[in-house]
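This is what each chain is made of:
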Amino acid sequence: MGRAFREGIAPENRAATSMQQQKLDLAIGEGQLSKLWHRSNTNLGEQGEAVDVPAMLTIEDDKWVWQQVSEEILAGLSHRVVLHDEDSPTTLGCVEDFKMAIAYANYLAQTNGQVVLIEPRN
């Protein structure tokens, strides 16, 4: 066993060899995967920049439910909850009232020991 560590693994016994990489490159470049590869790159270029979408995550019956938030609901949110971080603060979300923001901040402080900033939403 010590010899295997000293000498390494024989090239023919390696899981990934340069020959396999060459086969993959050929398959992508001019083989079966080339159409899929080119189509995905074209679509990626046409999509443009990523855009923030206001969304709401809720948990219903042990399932995560994602919903896009309408402008009316966004107008009703009063406070933003921000997780304090040395590098950059992370916005956790917005809540309807100060009482809910305090409850969420207390939960994070007690369970994870994290500092949370509550600021009014303009």
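Up top is the structure these notes are about.
These numbers come from a predicted model, not from an experiment. Within each chain, residue numbers correspond to sequence positions counted from 1 in written order. Residues qualify for local features only when their pLDDT is at least 70, as the model is predicted, and side-chain atom pairs are given and counted only at 80 or more; totals for whole chains, interfaces and linings, by contrast, use all residues. Just so you know, side-chain values use all the structure's heavy atoms and leave hydrogens and water out.

Colleague: Hey, could you go over a nonpolar patch on the surface for me, with residue numbers and the actual values?
Modeller: Like-charged residues are merged into a patch within 9 Å and nonpolar side chains (Val, Leu, Ile, Met, Phe, Trp, Tyr) within 5 Å, provided each residue has over 30% relative accessible area and no salt bridge. The Shrake-Rupley method, run with a 1.4 Å probe sphere, supplies the accessible areas, and residue values consider only the shown protein chains as cover. Basic side-chain nitrogens of Lys or Arg form a salt bridge, by our definition, when they fall within 4 Å of a carboxyl oxygen of Asp or Glu. Side chains of Val53, Leu57, Ile59, Trp64 and Trp66 sit close together on the surface and give an oily, nonpolar patch of about 620 Å² of accessible area. Inspection of the secondary structure puts isoleucine 59 in strand E1 (residues 55–60). A helix here means a DSSP run of H or I that spans at least four residues, while a strand means a run of E at least two residues long, and both kinds are numbered starting from the N terminus.

Colleague: For the sheet that holds strand E5 (residues 116–120), give the residues involved together with the corresponding values.
Modeller: Sheets are built from strands that pair by backbone hydrogen bonding, the pairs being arranged parallel or antiparallel. Here 3 strands make up an open sheet; going across it, the order is E4-E3-E5 and the pairing antiparallel. Each edge of the sheet is formed by a strand with only one pairing partner; in this case those strands are strand E4 (90–95) and E5. Averaged over neighbouring strand pairs, the angle between their axes works out to 25 degrees when direction is ignored. Paired strands, in this sense, are two strands between which DSSP finds at least two bridges. The sheet contact formed by strand E3 (residues 79–83) and E4 spans 5 bridges and is antiparallel. Residue pairing across strands places valine 81 opposite glycine 93, the latter belonging to E4. Note on contacts: a residue pair is in contact if any heavy atoms of the two residues lie within 4.5 Å. With axes taken as lines fitted to C-alpha atoms, and helix axes fitted only over the stretch in contact, angles between N-to-C directions fall between 0 and 180 degrees. Against the sheet, helix H5 (residues 98–112) touches E3, E4 and E5, its axis set at about 170 degrees to E5.

Colleague: Before we move on, could you go through the environment of proline 120 and cite the residues and values that matter?
Modeller: Along the chain, the position of proline 120 falls in strand E5. Relative accessibility under 20% of the residue-type maximum defines a buried residue, over 50% an exposed one, and the middle range a partly exposed one, all with a 1.4 Å probe and only protein chains included. With a relative accessible area of 59%, proline 120 lands in the exposed category. Taking the C-alpha atoms as reference points, proline 120 and valine 95, 25 residues apart in sequence, are found 9.9 Å from one another. Discounting residues that sit within four places of it in the chain, proline 120 has contacts with Ser78 and His79.

Colleague: Please give an account of the side chain of histidine 79 that cites residues and values.
Modeller: Along the chain, histidine 79 turns up in strand E3. Engagement of the side chain of histidine 79 in a polar contact is seen with the side chain of serine 78, the distance being 2.8 Å. Each polar contact in these results corresponds to two N or O atoms within 3.5 Å; when the atoms are within protein, one needs to be able to donate a hydrogen and the other to accept it, and residues that are neighboring in sequence are counted only if both atoms are side-chain atoms.

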